[in-house]
Amino acid sequence: MISAYTGTQIRAAEQPFLAAGMGDVLMQRASYGLANAVVHELQARSRRLYGASVAVLAGKGNNGGDGLFAASFLAARGMRTTAVLTAGTAHAGALAAFERAGGRVHLLTESNASQLAAHVAGADVVIDAILGTGARGGLRGAAAGLVSGLSDLRLSAGDPGIVVACDTPSGVDADTGEAHAPVLSADATVTFGAAKVGLLADPGADHAGRIHVVPIGIEDELPWPALRRFEPVDLARLLPQPGRRSHKYSRGVLGVVAGSADYPGAAVLACRGALAAGAGMVRYLGPPEVADLVRQSCPEVVCSTGSVAETHVQAWLVGSGMGPGDTEQLRRARDAVESGLPVIADAGALPALPAVLAPQVILTPHAGELAALLQRLASSPDSPDFDPAPSRTAVEASTLGAARHAAVLTEATVLLKGATTLVASPFQDFYSQADGTAWLATAGSGDVLAGIIGALLAQLGSDVGRFRDAGIDPDERWAAIAALGASLHGRAGAAASGSGPLTAGRIADAIPDVWYKVSLLSKPAGRKRNSHTHPLPWA
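Residues numbered from 1 in each chain as written. Predicted model: local features only at pLDDT ≥ 70, side-chain atom pairs only at ≥ 80, totals over all residues. Heavy atoms only, no water.

> I'm lost on the overall build of the protein in this one. Help?
Helix and strand counts for the protein stand at 18 helices and 19 strands. Its C-alpha atoms give the protein a radius of gyration of 26 Å, within 12% of the compact-globule value 24 Å for 539 residues. Here the C-alpha coordinates of the protein stretch approximately 80 × 65 × 50 Å along the principal axes. Sorting the 539 residues of the protein into buried and exposed places 55% on the buried side. Considering only residue pairs separated by 6 or more positions, the protein has 70% of its internal contacts joining residues 24 or more positions apart. (Helix = DSSP H or I, 4+ residues; strand = E, 2+ residues; numbered from the N terminus. Rg over C-alpha atoms; globule rule 2.2 N^0.38 Å. Buried < 20%, exposed > 50% of the residue type's maximum accessible area, 1.4 Å probe, protein only. Contact = heavy atoms within 4.5 Å.)

This is the structure we're talking about:
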């Protein structure tokens, strides 16, 4: 599991070392790791090391010092180094080491920003070390002009050099992921001690590129993470596997209230996602014409026009493919939420639910739907860190803040769909998953995601011990289940896509194979199968 922290948490963990006079040691570890990451990035592209040109954009603080020390290490490997001091000064010790190593220094001014941008644009590697994790707001003055000009030149270049950000791309808020233009988008970000929250939340993630974490010795001092991300080994541990004597009822029964005369396919895709993700049984409630389509596509689903109260399930999925005119379906959705069972509420159900819900209710809006939800709840008490009635643009500019705000207001678990999917619990536990492909942005993809999460709710909702054993607070398991579903959905989409277009149905088709491959990570190594037999899931 990847753990991410705010800049404040990192600085607090560093404090005992700084008080003990180990500040220079931490900087040397960080800068050495940065230099090694630059070498790795060059080698990964089969670029030369000896004679490569490296330009450092160095601010006046410790971030600039890290960049200058790293460049001095690279100079020792035969690279040609240049530094642009964006504040007219720099960390004294790092600058002295850089100059001893033969580096050339330029002082940035308003008058030479364009000239220096053109000079830096020709470098094989650009190290962005202007602003660190303690910075608030974006670049200003000549530094903003330099980065803006450099970004434009890189867009027009046929083969631009590699940009490596030091700790965080300058202008990206390490705590929230908000990006204050101009930001020089990095191919890789080398971050110290631990990943920063802002690198795992949009729009900061748009600018971070690959993330390299360099241990510097403070890791044992870090507190509970501000945000986490599941990796494949976590899925192997947490995804359910049936026991030898399992039956369809013990494996989880999911009730689905989805689809309408206008969008019947949403119900089909939600059911397909749920079946593919291991639900023992799926029961569908909805209009007869939609139920007929579900039966034709998914004959395993038990269809009915009955009520929520008379339908026995372990969890509910509501809302996919429903509109404001679907009064009977919306009534069923509200009944499902009021049942007290775990519920995933998608799309059309969001405007019809009560303002205050519960942690076992998982809301799955995209940015536009979340903006509409927050506007509806604008009469609720304001949060000090987020606009109480934002536009879609505002949500996209501060995805973590928006998800956090919605979870606080609704007391529900909120999954904000996007290139990076964020999950916020009302207890303020956060997950970030980015396992998919841009091809997942296709009609019906969210319906399949709802089905996956619904199936996991039915199977895992009561399995408190599984989460406790994995170091997850059982009260926070709803957020963990949502993040598991997002990761499985993303990985299935990437597998089905193969770097090309895909349809939502193919995402569902890919789930069992992805599940199987992930589950192998929990099996002991070294066991061989008989090549003349079909491999069994537990073999």
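> Would you take a moment to explain the pattern of salt bridges for this structure?
Per the stated rule, a full pass over the model turns up 16 salt bridges. The salt bridge partner of Lys417 is Asp346, with a shortest N-O separation of 3.3 Å. In this pair, Lys417 is assigned in the loop between β17 (413-416) and β18 (421-424) and Asp346 in strand β15 (residues 343-346), connecting sequence segments 71 residues apart. Residue Lys417 shares its accessibility class with Asp346, and that shared class is buried. When salt bridges with common partners are traced through the structure, they connect Glu328, Arg331, Arg332 and Asp335 into a single cluster. (Salt bridge = Lys/Arg side-chain N within 4 Å of Asp/Glu carboxyl O.)

> Looking at this structure, how should I read the environment of Thr89?
In this fold, Thr89 is placed in the loop between β3 (80-85) and α4 (92-100). Contact partners of Thr89, with chain neighbours within four places excluded, come to Gly59 and Lys60.

> Please explain the packing of helix α9 (residues 264-276) against helix α15 (residues 445-460) as it appears in this structure.
Packed helices, taken two at a time, are described by the angle their axes make and the gap between the axes. In contact at an axis separation of 7 Å, α9 and α15 are set at 40 degrees when each is read in the N-to-C sense. The orientation of α9 relative to α15 falls into the category oblique. Relative to α15, the crossing made by α9 is right-handed. Counted together, Ala266, Leu269, Ala270, Gly273 and Ala274 of α9 and Asp447, Val448, Gly451, Ile452 and Ala455 of α15 form the full contact between these two elements. Of the residues assigned to the contact of α9 with α15, the class counts are seven nonpolar, two polar and one charged. (Axes fitted to C-alpha atoms, helices over the stretch in contact; angles between N-to-C directions. Parallel < 35°, antiparallel > 145°, perpendicular 65-115°, else oblique. Left-handed = near helix turned anticlockwise from the far one by under 90°. Nonpolar A, V, L, I, M, F, W, Y, C, P; charged D, E, K, R; others polar.)

> Got a minute to help me understand helix α14 (residues 399-410) in this structure?
Counting along an α-helix, one turn takes 3.6 residues, and residues three or four places apart therefore face a common direction. In a regular helix each residue adds 1.5 Å, so 12 residues correspond to 16 Å; α14 covers 16 Å between its end C-alpha atoms and thus fits that length. For α14, the buried fraction is high: 10 of the 12 residues fall into the buried class. For α14, the set of buried residues is Thr399, Leu400, Gly401, Ala402, Ala403, His405, Ala406, Ala407, Leu409 and Thr410. At the exit of α14 stands Glu411, carrying a positive phi of roughly 60 degrees. (Expected span 1.5 Å × (residues − 1).)

> What am I meant to see in the state of the cysteines here?
Note: disulfide means a covalent bond formed between the sulfur atoms of two cysteine side chains. In this structure the tally under the stated criterion is zero disulfides. Counting only cysteine sulfurs, Cys271 is the nearest neighbor of Cys303, a cysteine outside any disulfide, at a range of 6.8 Å. In this structure Cys303 comes out as buried when scored by relative accessible area, which is 16%. (Disulfide = S-S within 2.5 Å.)

Scope: geometric values only; no functional claims are made or implied.
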